Amino acid sequence: MMHWVDKLNERANLMGRMLETIGAMDRMPMGQCLGQDLRAAASRCSKCLSTESCKAWLDEHKTGASAPMPECPNSELFRRWLDPVL
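Residues numbered from 1 in each chain as written. Predicted model: local features only at pLDDT ≥ 70, side-chain atom pairs only at ≥ 80, totals over all residues. Heavy atoms only, no water.

Student: Help me understand helix α1 (residues 4-22), please; the structure alone is not making it clear to me.
Tutor: An α-helical segment advances 3.6 residues per turn. Residues three or four places apart therefore align on the same side. In this model α1 runs 27 Å from its N-terminal to its C-terminal C-alpha over 19 residues, within 8% of the 27 Å that 1.5 Å per residue would give. Burial in α1 covers these residues: E10, R11, L14, M15, M18, L19, T21 and I22. Once α1 ends, the next one or two residues include G23, with phi positive near 80°. (Helix = DSSP H or I, 4+ residues; strand = E, 2+ residues; numbered from the N terminus. Expected span 1.5 Å × (residues − 1). Buried < 20%, exposed > 50% of the residue type's maximum accessible area, 1.4 Å probe, protein only.)

Listed below in structure tokens is the structure:
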């Protein structure tokens, strides 16, 4: 069984990879809302049951993607960061 620290590190890595893959890392809003959004996103990511699908999706999109994996529990948030008018 995976130790909780290892799980947190794995999920943080996956979330970072997702943000990089879709180009949202540089488009996140600044300020207090970002901290709240990131905490909520980390929580959703840590509870996600699609880790293997996420890894596979990220491996298939190494050159980038225009949107996050549809099953991602943070898909709506990440899409909002990509297009703030949503």
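From this point, the narrative continues.
Student: Help me understand the pattern of salt bridges, please; the structure alone is not making it clear to me.
Tutor: Any two side chains of opposite charge can pair if their charged atoms end up close together. Inspection of the entire model under this criterion finds four salt bridges. The partner of R11 in a salt bridge is E10, with the nearest N and O atoms 3.5 Å apart. Pair check on accessibility: R11 and E10 agree, each one buried. Here R17 and D59 are joined by a salt bridge, their closest N and O atoms 3.0 Å apart. Linking R17 in helix α1 with D59 in helix α3 (residues 51-60), this pair joins segments that are 42 residues apart in sequence. Exposure remark for R17: the relative accessible area of 27% places this residue in the partly exposed category. Beyond isolated ion pairs, a larger network of salt bridges with shared partners links E10, R11, E52 and K55. (Salt bridge = Lys/Arg side-chain N within 4 Å of Asp/Glu carboxyl O.)

Student: How should I be thinking about a nonpolar patch on the surface in this particular structure?
Tutor: On the surface, a cluster of nonpolar side chains totalling about 310 Å² of accessible area is made up of W4, V5 and L8. Following the sequence through the fold, L8 ends up in helix α1. (Patch = residues over 30% accessible without salt bridge, like charges linked within 9 Å, V, L, I, M, F, W, Y side chains within 5 Å. Areas by Shrake-Rupley, 256 points an atom, 1.4 Å probe, with all protein chains shown as cover.)

Student: Help me understand the nonpolar core, please; the structure alone is not making it clear to me.
Tutor: Across soluble globular proteins, you tend to see nonpolar side chains buried next to one another. Core analysis: the biggest nonpolar cluster contains 19 residues, and M18, I22, F78 and W81 have the highest contact counts within it. Elements represented by at least two residues in this core include exactly α1, α2 (32-47), α3 and α4 (75-82). Those residues within four positions of M18 in sequence are excluded, and the remaining contacts are C54, W57, L58, P68, M69 and F78. (Core = buried A, V, L, I, M, F, W, Y, C linked by side-chain atoms within 4.5 Å. Contact = heavy atoms within 4.5 Å.)

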